[in-house]
Amino acid sequence: MRMIAAVAAAVLVPSLAAAQSIDWKKVDAALGKTASVSGEVHRYGLPRSDLHVTLDGVPIKPSLALGGWVAFAPMHGEAMVMGDLVLLDTETTPVMTKLLNSGLEITAIHNHLLRAQPATFYMHVAGHGDPEKMAAAIHEALSTGSKTPFEPPATTASAAPALDLDTAKLDEIMHAKGTATGGVYQFGIPRRDAATDGGMTVTAAMGGANGINFQPTGNGHAAITGDFLVTGDEVNPLIRSLREGDIEVTAIHSHMLDEQPRMFFIHFWANDDALKLARGVRAALDRTAVAQN
C-alpha cells in the first residue's frame, strides 16, 4: 500500500506543480484582461459591448448573447485553452488567420441567433501550450482583426438596478439558482457526466454546461437564449420539447472536435412570459442527462 501511495504521489505532484508554476498575472497581462477563477480554470470575459445588436426589436445585452470568452486550464505541464469569440462577418477571416498563424486551432464557426441585426458569428478556438503565448496570440488576433474591446467597462458608484423578473420563481422552476449579470439572469446547469477532451474534463467554466439566459423585456416577459449541451440521441427529443414550448431552435452544431462522448450544442430564442419560458426550458432539460438538484 505504501508503494501504491508513493506511485500515486509521484504522478500527482508534477501535475500540481505544473498548475502552480503558471504565472497567471503574466497571462492576465498578455490578454489584457483579469480572469475569474473557478478551481484551476482561469476564464476571461470578452463581451462585445461595442456592438448594438437587435433581434425582433429587442436590444441584445452582451450578457444575453454577445459574451465572448476564453478559458485556460493547466494541462500536461502547460495549459489548454478553449473559447468562444463573438465576431462580425467582416472580422471572421482576419481573426481566424491570425489565430491559425499563431498555432491555435479553430473548432467551429457558426451562428447562435437568427434575424439579428447586425448578424453576429461565433468562433470557437482551442489550443495547448504556453498560456502566456496563447493569451498574447488571442489578444493580437482580436485587437488587429476585430473591434473587440479590452478596456474595463465604465463603472458607477450606484448599485445595479433590480431585474424586472420574479427570479425566485425562476429558480424554483429551473431547479437551480441563477445569477444576475449585466442586466441578464443566467443559469449554468451541468450535465450528469461531463465530457472530456484531450483527457481533460470539460468543466462548466470551459463551456461544458447548459447555459440559459433571461433578459427582461417588460411586464414579466423575457427574451431567452443560450445553449443546451446534449448527446446525439438527445438532440431530437430536446428540440421537440422546445417547439412544444413555443421556443425557437436557432442552431444545432458542435463546439469541439475530439470530445468524448460526442456532444452537440443547441441554441434557441424566444420572447414571452418569463415563467412560461422557464417551464418550457426545464421540460427540455429533463429530456437530457442533466445533473439533478
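Residues numbered from 1 in each chain as written. Predicted model: local features only at pLDDT ≥ 70, side-chain atom pairs only at ≥ 80, totals over all residues. Heavy atoms only, no water.

K.L.:
Looking at this structure, I do not really get the overall build of the chain. What am I missing?
P.N.:
When its secondary structure is counted, the chain shows 8 helices and 16 strands. In terms of C-alpha radius of gyration, the chain reaches 20 Å, essentially the compact-globule figure of 19 Å for 293 residues. In terms of overall dimensions, the chain has a C-alpha envelope of 60 × 50 × 40 Å along the principal axes. The buried share among the 293 residues of the chain stands at 49%. Summarising the internal contacts of the chain: among those between residues at least 6 apart in sequence, 67% fall at separations of at least 24. Put simply, the chain shows about 14,100 Å² of open surface, and 55% of that area lies on carbon and sulfur atoms. In the chain, 22 side chains carry a positive charge and 31 a negative one; their mean positions are 2 Å apart. (Helix = DSSP H or I, 4+ residues; strand = E, 2+ residues; numbered from the N terminus. Rg over C-alpha atoms; globule rule 2.2 N^0.38 Å. Buried < 20%, exposed > 50% of the residue type's maximum accessible area, 1.4 Å probe, protein only. Contact = heavy atoms within 4.5 Å. Areas by Shrake-Rupley, 256 points an atom, 1.4 Å probe, with all protein chains shown as cover. Lys, Arg positive; Asp, Glu negative; His and termini not counted. Charge placed at Lys NZ, Arg CZ, Asp CG, Glu CD.)

K.L.:
Just checking my understanding: could you explain the sheet that holds strand β13 (residues 209-218) for this structure?
P.N.:
Two pairing modes exist for strands in a sheet, parallel and antiparallel, and in both the strands are linked by backbone hydrogen bonds. Judged by pairing direction, the sheet is antiparallel, and its 6 strands sit side by side in the order β9-β10-β13-β14-β16-β15 without closing on themselves. Two strands in the sheet have a free side with no partner beyond their single neighbour: β9 (179-181) and β15 (248-253). Each strand axis lies, on average, 20° off the axis of its neighbour in the sheet, ignoring direction. Sheet analysis places β13 next to strand β14 (residues 221-230), joined by 7 bridges and oriented antiparallel. In the sheet register, F214 faces β14, and the bridge partner there is I224. Its contacts with the sheet put helix α6 (residues 167-174) on β10 (184-190) and β13, and the angle it makes with β10 is roughly 20°. (Pairing = 2+ DSSP bridges. Axes fitted to C-alpha atoms, helices over the stretch in contact; angles between N-to-C directions.)

K.L.:
Honestly, a negative patch on the surface in this entry has me stumped. Any pointers?
P.N.:
Residues D23, E78, D130 and E132 make up a contiguous surface patch of negative charge. Relative to the helices and strands, D130 is located in the loop between β8 (121-129) and α5 (131-145). (Patch = residues over 30% accessible without salt bridge, like charges linked within 9 Å, V, L, I, M, F, W, Y side chains within 5 Å. Salt bridge = Lys/Arg side-chain N within 4 Å of Asp/Glu carboxyl O.)

K.L.:
I keep staring at the packing of helix α7 (residues 235-244) against helix α8 (residues 274-285) and nothing clicks. Help me out?
P.N.:
Pairs of packed helices are described in terms of their axes, by the angle between the two and the distance that separates them. Where α7 meets α8, the axes come as close as 8 Å, and the angle between the chain directions of the two elements is 165°. Taken together, the axis directions place α7 and α8 in an arrangement best described as roughly antiparallel. Judged by the sense of rotation from one axis to the other, the crossing of α7 with α8 is right-handed. Contacts between α7 and α8 involve L238, S241 and L242 from the first element and G280, A283, A284 and L285 from the second. Split into classes, the residues belonging to the contact of α7 with α8 amount to 5 nonpolar, 2 polar and no charged. (Parallel < 35°, antiparallel > 145°, perpendicular 65-115°, else oblique. Left-handed = near helix turned anticlockwise from the far one by under 90°. Nonpolar A, V, L, I, M, F, W, Y, C, P; charged D, E, K, R; others polar.)

K.L.:
Any chance you could explain the packing of helix α4 (residues 89-101) against α5 here in plain terms?
P.N.:
With their axes 9 Å apart at the nearest point, α4 and α5 run at an angle of 150° to one another. For the element pair α4 / α5, the angle class is roughly antiparallel. Remark: the crossing between α4 and α5 carries right-handed chirality. Mapping the contact onto sequence places E91, P94, V95, K98 and L99 in α4 and A137, I138, E140, A141, L142, T144 and G145 in α5.

Interpretation in functional terms is not warranted from these geometric data alone.
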